Amino acid sequence: MMMHAFYFIVVFLLTIFNAIGRFWPSRFKSDFLLSVARAGYVGNMASPDVHVRICEQEILKYDLEIKALIQDINECSGPQNKLTELNADVKKSFHNLRLRIQDLEQMAMEQDKESGKQTLISQVEGHRKQMLSNQTVWRKANLASKLSIDIMEKQALLNGSDGAVRQRKLTKDGLAQTTSDITENLMSISRMMAQQVQQSEETKTSLATSSRTIQETNEEFKAMTGTIKLGRKLITKYNRRELTDKLLIFLALALFFATVLYILKKRLFPFL
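As the structure is a computational prediction, the values presented were derived from the model and not from experiment. Counting restarts for each chain, with residues numbered from 1 along the sequence as it is written. For this predicted model, a pLDDT threshold of at least 70 governs which residues receive local features, and a threshold of 80 or more governs which side-chain atom pairs are given and counted, while totals over whole chains, interfaces and linings are taken from all residues. Water and hydrogen atoms were dropped before computing side-chain values, which therefore reflect all heavy atoms in the structure.

(A) Fine view of the overall build of the protein. Segments assigned H or I by DSSP are reported as helices when at least four residues long, segments assigned E as strands when at least two residues long, and all are numbered from the N terminus. Counting secondary structure elements, the protein contains seven helices and zero strands. Helices and strands appear in the protein in the N-to-C order α-α-α-α-α-α-α. For each residue, the accessible area found with a 1.4 Å probe, counting protein chains only, is set against the maximum for its type, and the residue is called buried under 20%, exposed over 50%, and partly exposed in between. For the protein, with 272 residues in total, the buried portion stands at 27%.

Next comes the structure, spelled out in structure tokens:
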């Protein structure tokens, strides 16, 4: 819980910096917050596993890089190739982040203790949700930035203030490049959505398997409970039978000794 609280504090600081410090380069903001995050993260990490700590630090680093790049996209006013470069950097960071989350999930599956395993799995799910949130914000920032660039270029064309922009917009090469970029971005968004659907299907399958396992275990426990009850009844029955056998033996012995005494009395003391 302390780690999650610290993580949200870092994100809050990044938001404040973006609001009041737009003249600062985003790389400076990201590097500064990353150093603070590393310092706090190492102090608050409870797991003794060095590989897990390193993996968590890299996930935090890529997450902060993505947030800084998304902020750059929000502030990007052109040209189009700058926006394309920023999107390429975001794709690369998302790819690295996805790989590190998969590594953390593999480390969770290799944990010996069930509590440690469940803790890491919970952290993996949190990172995936945060990644999905970043992807949504990225798509919105892309659309907003493209709309802003289009409006500025159209305005420049109408006002005749920028001859280079007018020439680029009027050429077929510029239109083809813009169309190609939009198509590539749409295909990238489609691929990401397909990946998310596939991950959801895998999660659903995993939950169904876990549910079946729990049901089978419950049935086994019920069968064991019935066997234990049956054994208890048999033991009680055998105890009662043992008591009956002892009573019969005692009565037989008493009858035997009474018969012996009677015979001795008749032989030794016939006059009685």
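(B) How the structure looks around the pattern of salt bridges. Salt bridge, as used here, is a side-chain nitrogen of Lys or Arg placed within 4 Å of a carboxyl oxygen of Asp or Glu. As enumerated under the stated definition, the model contains seven salt bridges in all. Here lysine 67 and aspartate 63 are joined by a salt bridge, their closest N and O atoms 2.9 Å apart. In this pair, lysine 67 and aspartate 63 both sit in helix 3 (residues 50–75), four residues apart, roughly one turn of the helix. Take lysine 67: its relative accessible area is 12%, and that puts it in the buried class. By relative accessible area, which is 4% here, aspartate 63 ends up buried.

(C) Inspection of the layout of surface pockets at higher detail. Estimates place the volume of the largest pocket at around 760 Å³. Of all the secondary structure elements, the ones that give two or more residues to the lining of the largest pocket are helix 4 (80–109), helix 5 (114–159) and helix 7 (172–268). The leading source of residues in the lining of the largest pocket is helix 5, at 10 residues. Under the scheme applied here, ten amino acids are nonpolar (Ala, Val, Leu, Ile, Met, Phe, Trp, Tyr, Cys and Pro), four are charged (Asp, Glu, Lys and Arg), and all others, including Gly, are polar. A breakdown of the residues in the lining of the largest pocket according to their chemical character gives seven nonpolar, eight polar and eight charged. The method works on a 1 Å grid over the protein atoms by themselves. A cavity is a set of points holding a 1.4 Å probe that cannot get out, a pocket is an open set with protein on both sides within 12 Å along at least five of seven lines, and residues with an atom within 4 Å of a point line them. Grid points are joined across faces, edges and corners, and a volume is the space filled by probe spheres set on the points.

(D) Representation of the nonpolar core within the structure. We define the nonpolar core as a collection of buried residues of types Ala, Val, Leu, Ile, Met, Phe, Trp, Tyr and Cys that are connected through side-chain atoms lying within 4.5 Å of one another. Formed by 25 residues in total, the largest nonpolar core has its most connected members in Ile73, Leu97, Leu104 and Trp138. Examining the composition of this core, we find that nine residues originate from one element, helix 4, more than from any other. Sequence-distant contacts of leucine 104, defined by excluding residues within four places in its chain, comprise Val52, Cys55, Glu56, Ile59, Leu120, Val124 and His127. The contact criterion used throughout is that any non-hydrogen atoms of two residues lie within 4.5 Å.

(E) Main features of the side chain of serine 145. If you trace the backbone, serine 145 turns up in helix 5. Serine 145 gets classed as buried once you look at its relative accessible area, which sits at 1%. What serine 145 contacts, discounting residues up to four positions off in sequence, is Ile73, Cys76 and Leu83.

(F) Examining the confidence of the model for the protein more closely. Taken as a whole, the protein shows an average pLDDT of 78; of its residues, 76% reach a score of 70 or greater. pLDDT expresses, on a scale from 0 to 100, how confident the predictor is about each individual residue. By mean pLDDT, helix 2 (residues 26–44) is the weakest element of the protein at 45, and helix 3 is the strongest at 89. Per-residue pLDDT stays below 50 along residues 1–8; that stretch engages in 10 contacts with residues further than four places along the chain or on separate chains.

(G) Layout of the packing of aromatic side chains. When the centres of two rings from Phe, Tyr and Trp lie within 6.5 Å, Trp using its six-membered ring, the rings pair. Their planes under 30 degrees apart give stacked, over 60 give edge-to-face, and anything left gives tilted. Taken as a whole and judged by the stated rule, the model has two aromatic pairs. The interplanar angle of 40° and the centroid separation of 5.5 Å between the aromatic rings of phenylalanine 94 and tryptophan 138 together place this pair among those described as tilted. Of this pair, phenylalanine 94 sits in helix 4 while tryptophan 138 sits in helix 5; the two residues are 44 residues apart in sequence, bridging distant segments of the chain. Taking relative accessible area as the criterion, phenylalanine 94 reaches 2% and is therefore assigned buried. On the basis of relative accessible area, tryptophan 138 is assigned to the buried category, the value being 4%.

(H) Region of interest: the packing of helix 3 against helix 4. Each axis is a line fitted through C-alpha atoms, taken for helices only over the stretch in contact, and angles between the N-to-C directions span 0 to 180 degrees. Running from amino to carboxyl end, helix 3 crosses helix 4 at an angle of 160°, the nearest separation of the two axes being 9 Å. As summarised for this structure, helix 3 and helix 4 are arranged roughly antiparallel, according to the angle between their axes. As helix 3 runs across helix 4, the sense of the crossing is left-handed. Across the contact of helix 3 with helix 4, the residue classes tally to 15 nonpolar, four polar and seven charged. Note on angle classes: values under 35 degrees are labelled roughly parallel, values over 145 roughly antiparallel, values of 65 to 115 roughly perpendicular, and the remainder oblique. The handedness criterion is simple: a crossing whose near helix is rotated anticlockwise from the far helix by less than a right angle is left-handed, and one whose near helix is rotated clockwise is right-handed.

(I) Quick look at the packing of helix 4 against helix 5. Where helix 4 contacts helix 5, the two axes come as close as 10 Å, and the packing angle between them is 170°. As summarised for this structure, helix 4 and helix 5 are arranged roughly antiparallel, according to the angle between their axes.

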